[in-house]
Amino acid sequence: MTDVSNDVREFANQEYKYGFSTDLDTDLVPKGLSEGTIALISSKKNEPQWLLDWRLQAYRHWTTLEEPLWQNVHYEPIDYQDIIYYAAPKSRAALASLDEVDPEMRAMFDKLGISLAEQERLSGVAVDAIVDSVSVATTFKKKLADVGVIFCSFSEAVQNHPELVRQYLGSVVPYRDNYFATLNSAVFTDGSFCFIPKGVHCPMELSTYFRINAADTGQFERTLIIAEDGADVSYLEGCTAPMRDKNQLHAAVVELVALEGARIKYSTVQNWYPGDAEGRGGIYNFVTKRGKCAGANSKISWTQVETGSAITWKYPGVILQGDNSVGEFYSVALTANHQQADTGTKMIHIGKNTHSTIVSKAISAGHGQNTYRGLVKMLRSAEGARNYTRCDSLLLGSESGAHTFPYIEVKHPSAQVEHEASTSKIGEDQLFYCRQRGISEEDAVSMIVNGFCREVFKELPMEFAVEAQRLLSVSLEGSVG
Amino acid sequence: MMLHIENLHARIGDNEILRGVNLEVAAGEVHAIMGPNGSGKSTLANVLAGHEAYDTEGLVLFEGEDLLALSPEDRAASGVFLAFQHPVEIPGVGNLYFLRTALNSLRRRRGLDELDVMQFLALAEDRMKSVEMDRSFMNRSVNEGFSGGEKKRNEILQMSILEPKLAILDETDSGLDIDALRIVASGVNELRSPDRAMVVITHHQRLLDYIIPDQVHVMAGGRIVRSGDKDLALELEEYGYSELGQAGMVDSSASVGATP
């Protein structure tokens with residue numbers, strides 16, 4: 001297998017392309033976490049008292065919690081007093097238009113391939129760009145407002161739509177939910193907010209681009225998406241970070257609420273800095289994402305392509321409360337070098353005839369360790385509920401690992417659960433076959449990996465599918481479609 | 001001479017499988033290689049195509065070039081094609097995409113323009129007729145869920161699209177019923193040409209009723225022990241390989257290697 005491992009090494013050791021940092025004038029609060037820090041963040045953001053109270057409640061609860069250890073990942077203990085909890089690029093006095101965005105920052109986004117102006121002009125995708133802790137620009141606001149869609153930074157939503165924020169904040173992920181969600185509730189700084197009113201089909205894809213820029217900062221963003229009765233929205237999330245020797249913590253919370261007949265499609269391409277080939281540095285991506293199908297006939301669909309981060313630890317889930325509601329989870333997780341991922345989903349079936357589908361594709365290369373952990377729970381009320389789960393793992397090389405932990409709890413006799421799993425290796429015979437046909441070894445690996453992920457890629461919106469394939473080092477004319 | 005093989009040895013670890021093969025194949029010729037299981041036929045095919053599991057010694061010249069020094073993809077680019085005994089499945093990769101990528105990789109290496117999707121489809125549809133395949137076949141994943149016969153027809157289709165100078169067919173007839181055999185053989189016969197050579201490896205004489213060889217070689221114990229014209233195949237059919245062995249033509253001390 002010598003040629004295979006060489007090839008795998010090459011594939012696994014591809015350099016991170018987004019590892020530059022930008023010299024932005026940044027407003028930081030001192031390192032460390034206390035009630036004082038939280039009050040400072042809250043006052044910088046000019047927040048109402050109820051929100052500060054909510055943060056402090058979360059903080060006090062957090063101080064009683066122990067950091068969880070059950071996940072199948074390993075890292076040195078995090079010093080929560082050594083993190084900067086608020087970092088904002090300065091020179092930001094309520095931007096009226098994109099022209100006012102700091103030119104340095106514009107240049108940074110251009111480098112990332114997220115030219116905001118270009119996006120606005122050409123692509124018809126509304127973008128909210130978040131650097132470190134705050135949202136710096138939201139495009140297309142007016143066009144969205146015409147149909148009643150609210151798409152803005154979380155901070156703006158707190159100022160302009162406090163009643164909506166107050167009604168839904170914590171309604172899917174309560175502040176007591178888990179260690180990192182509780183921490184986020186205490187210190188979250190910004191994020192995106194979307195509200196799609198009754199019956200509105202959102203006229204464009206909504207997109208948030210997250211970027212950690214400042215050193216030693218944590219990013220604790222909070223995203224809240226609400227789709228009222230019969231509303232429909234597709235939301236994209238992309239992430240990158242500079243290369244730094246120290247690990248940086250990213251503990252986000254995403255809450256989705258779908259009312260009767262509403263549909264929310266949430267797609268993520270996560271490419272945080274994964275650390276170097278020896279496993280130094282990289283982002284700890286400890287994220288809580290959950291959607292609630294609150295109304296009957298609603299649907300929430302998660303699609304994620306996770307190629308970055310030193311450690312990824314997330315379980316985007318759906319609470320299927322409304323009758324006939326549908327939850328979906330499509331995932332590709334790639335771990336190379338010394339990356340670790342413990343990811344999967346939770347599908348909680350409460351309503352009658354609720355359906356969920358889980359398709360997980362895990363690729364491990366180098367010393368990468370990839371764990372699928374999923375929970376399918378069908379409560380006593382979930383008459384006629386159904387789940388289909390498929391977990392496939394692909395190993396490249398002999399030093400990588402794949403692990404699967406499916407948990408299934410069924411309380412209703414009419415519920416049906418199906419689980420399929422497979423583990424395979426990119427075989428020497430597959431590579432030889434491709435090479436004999438004239439396809440280079442590198443192209444062959446990309447082709448095989450890409451084919452393996454096809455089921456998930458076809459769920460992604462076009463631009464994202466292309467981005468995802470590129471991330472897996474495949475030509476644009478990849479085998480999808 | 002298109003292919004010149006001189007004293008070719010191949011081993012995996014301590015297991016020597018080819019023990020000094022000599023063979024000459026000229027352009028336009030079809031050579032059949034027959035022999036019992038484990039005689040080294042498939043190993044010879046894999047070694048010529050560049051399988052890296054083997055340590056090799058000896059000389060192989062392909063159009064005067066040292067073939068053993070080239071990577072598998074460079075051998076493909078110089079015109080060597082292997083129809084696999086066991087074509088592999090590549091889930092999620094469409095047949096059309098795979099074949100076009102392969103053809104365009106070869107064309108790039110040969111300094112030719114790549115074909116776009118429409119050009120490629122026109123070519124593929126034309127070639128699919130000769131192996132009696134329809135268009136739906138192009139949308140399926142490479143060999144995934146294919147029957148044995150479909151896999152072998154796919155190999156011949158690939159050969160006709162990639163247009164190699166030297167085609168090596170490794171037991172392409174194995175596991176085929178008589179109809180599939182007829183389709184595969186007629187596909188192969190259509191590709192016979194004065195500037196193309198073929199090496200047809202088979203365990204059975206049956207295939208040679210359809211593909212008439214210019215020369216027949218018998219392999220045993222990692223060597224070619226006998227060569228002749230097409231009548232040699234008939235002789236083998238009548239007397240079997242064991243007769244050959246008893247006639248002292250096979251080195252009975254030769255250890256029999258596993259075919260990878």
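Because the structure is a prediction, the values reported are computed rather than measured.

Rules of the game
- Residues numbered from 1 in each chain as written.
- Chains lettered and ligands numbered in written order.
- Predicted model: local features only at pLDDT ≥ 70, side-chain atom pairs only at ≥ 80, totals over all residues.
- Helix = DSSP H or I, 4+ residues; strand = E, 2+ residues; numbered from the N terminus.
- Rg over C-alpha atoms; globule rule 2.2 N^0.38 Å.
- Buried ≥ 20, exposed ≤ 12 C-beta atoms within 10 Å, placed from the backbone.
- Contact = placed C-beta atoms within 7 Å.
- Pairing = 2+ DSSP bridges.
- Axes fitted to C-alpha atoms, helices over the stretch in contact; angles between N-to-C directions.
- Nonpolar A, V, L, I, M, F, W, Y, C, P; charged D, E, K, R; others polar.
- Core = buried A, V, L, I, M, F, W, Y, C linked by C-beta atoms within 7 Å.
- Parallel < 35°, antiparallel > 145°, perpendicular 65-115°, else oblique.
- Left-handed = near helix turned anticlockwise from the far one by under 90°.

A. Region of interest: the overall build of chain B. Counting secondary structure elements, chain B contains seven helices and twelve strands. Taking 18 Å as the expected radius of gyration for a compact globule of 260 residues, we find that chain B reaches 18 Å, a close match to that expectation. Seen through its principal axes, chain B has C-alpha atoms that stretch 60 × 40 × 35 Å. Counting over 260 residues, chain B shows a buried share of 45%. Considering only intrachain contacts with a sequence separation of at least 6, the fraction spanning at least 24 residues in chain B is 73%.

B. Quick peek at helix H10 (residues 428-436) of chain A. All names here are of chain A. Burial within H10 is extensive, with seven of its nine residues counted as buried. Taken together, the buried positions of H10 are occupied by Gln430, Leu431, Phe432, Tyr433, Cys434, Arg435 and Gln436. Immediately beyond the C-terminal end of H10, within one or two residues, lies Gly438, with a positive phi of roughly 100°.

C. How the structure looks around the sheet that holds strand S5 (residues 65-66) of chain B. Residues and elements named next belong to chain B. Reading across from one edge, S2-S1-S4-S5 is the order of the four strands in this open sheet, with antiparallel pairing throughout. Of all strands in the sheet, those with a lone pairing partner are strand S2 (15-25) and S5, marking the two edges. Of the pairings in the sheet, the one linking strand S1 (residues 3-12) to strand S4 (residues 55-62) comprises seven bridges and is antiparallel in character. Paired with His4 across the bridge in S4 is Leu61. Its contacts with the sheet put helix H1 (residues 41-49) on S1, S2 and S4, and the angle it makes with S2 is roughly 75°.

D. Molecular detail of the interface of chain A and chain B. Taken residue by residue, the interface counts 17 residues in chain A and 24 residues in chain B. At the level of elements, H10 and helix H11 (441-452) of chain A are the ones that each hand at least two residues to the side of chain A that touches chain B. Examining the composition of the side of chain A that touches chain B, we find that six residues originate from one element, H10(A), more than from any other. Grouping the constituent residues of the side of chain A that touches chain B by class yields six nonpolar, six polar and five charged.

E. Inspection of the nonpolar core at higher detail. Among the nonpolar cores identified, the biggest contains 185 residues, and A:Ala227, A:Val233, A:Ala258, A:Ile264, B:Phe81 and B:Ile168 are the most heavily contacted of them. Discounting residues that sit within four places of it in the chain, A:Ala227 has contacts with A:Ile196, A:Asp232, A:Val233, A:Ala258, A:Leu259, A:Ala262, A:Arg263 and A:Ile264.

F. A look at the packing of helix H4 (residues 117-130) of chain B against helix H5 (residues 148-162) of chain B. Residue and element names in this part refer to chain B. Packing of H4 against H5 brings their axes to within 9 Å, and their N-to-C directions diverge by 135°. Here H4 lies oblique to H5, going by the angle between them. For the crossing formed where H4 meets H5, the hand is right-handed. When H4 is examined against H5, the residues Leu123, Ala124, Arg127, Met128 and Ser130 are found in contact with a partner set consisting of Leu157, Ser160 and Ile161. Of the residues contributing to the contact of H4 with H5, the split by class is five nonpolar, two polar and one charged.

G. Geometry of unusual backbone geometry. Residue and element names in this part refer to chain B. A positive phi is found at Asn143, a non-glycine position, where the angle reads about 60°. Looking at the secondary structure, you find Asn143 in the loop between strand S8 (141-142) and H5. Here Asn143 falls in the buried class, since 21 other C-beta atoms lie within 10 Å of it.

H. Seen up close, the sheet that holds strand S6 (residues 80-83) of chain B. Residue and element names in this part refer to chain B. Read from one edge of the open sheet, six strands run S6-S9-S10-S3-S11-S12, paired in mixed fashion. Among the strands making up the open sheet, the edge pair consists of S6 and strand S12 (223-228). Neighbour to neighbour, the strand axes of the sheet diverge by 20° on average, direction disregarded. As paired elements, strand S9 (residues 166-170) and strand S10 (residues 197-201) share five bridges and run parallel to each other. What sits directly across from Asp170, in S10, is Ile201.

I. Structural detail: the environment of A:Leu224. Residues and elements named next belong to chain A. Among the structural elements, Leu224 can be located in strand S8 (residues 222-227). On the neighbour-count criterion, Leu224 (24 C-beta atoms within 10 Å) is buried. Taking the C-alpha atoms as reference points, Leu224 and Val73, 151 residues apart in sequence, are found 28 Å from one another. When neighbours within four sequence positions are excluded, Leu224 is seen to be in contact with Phe154, Tyr168, Leu169, Phe193 and Glu255.

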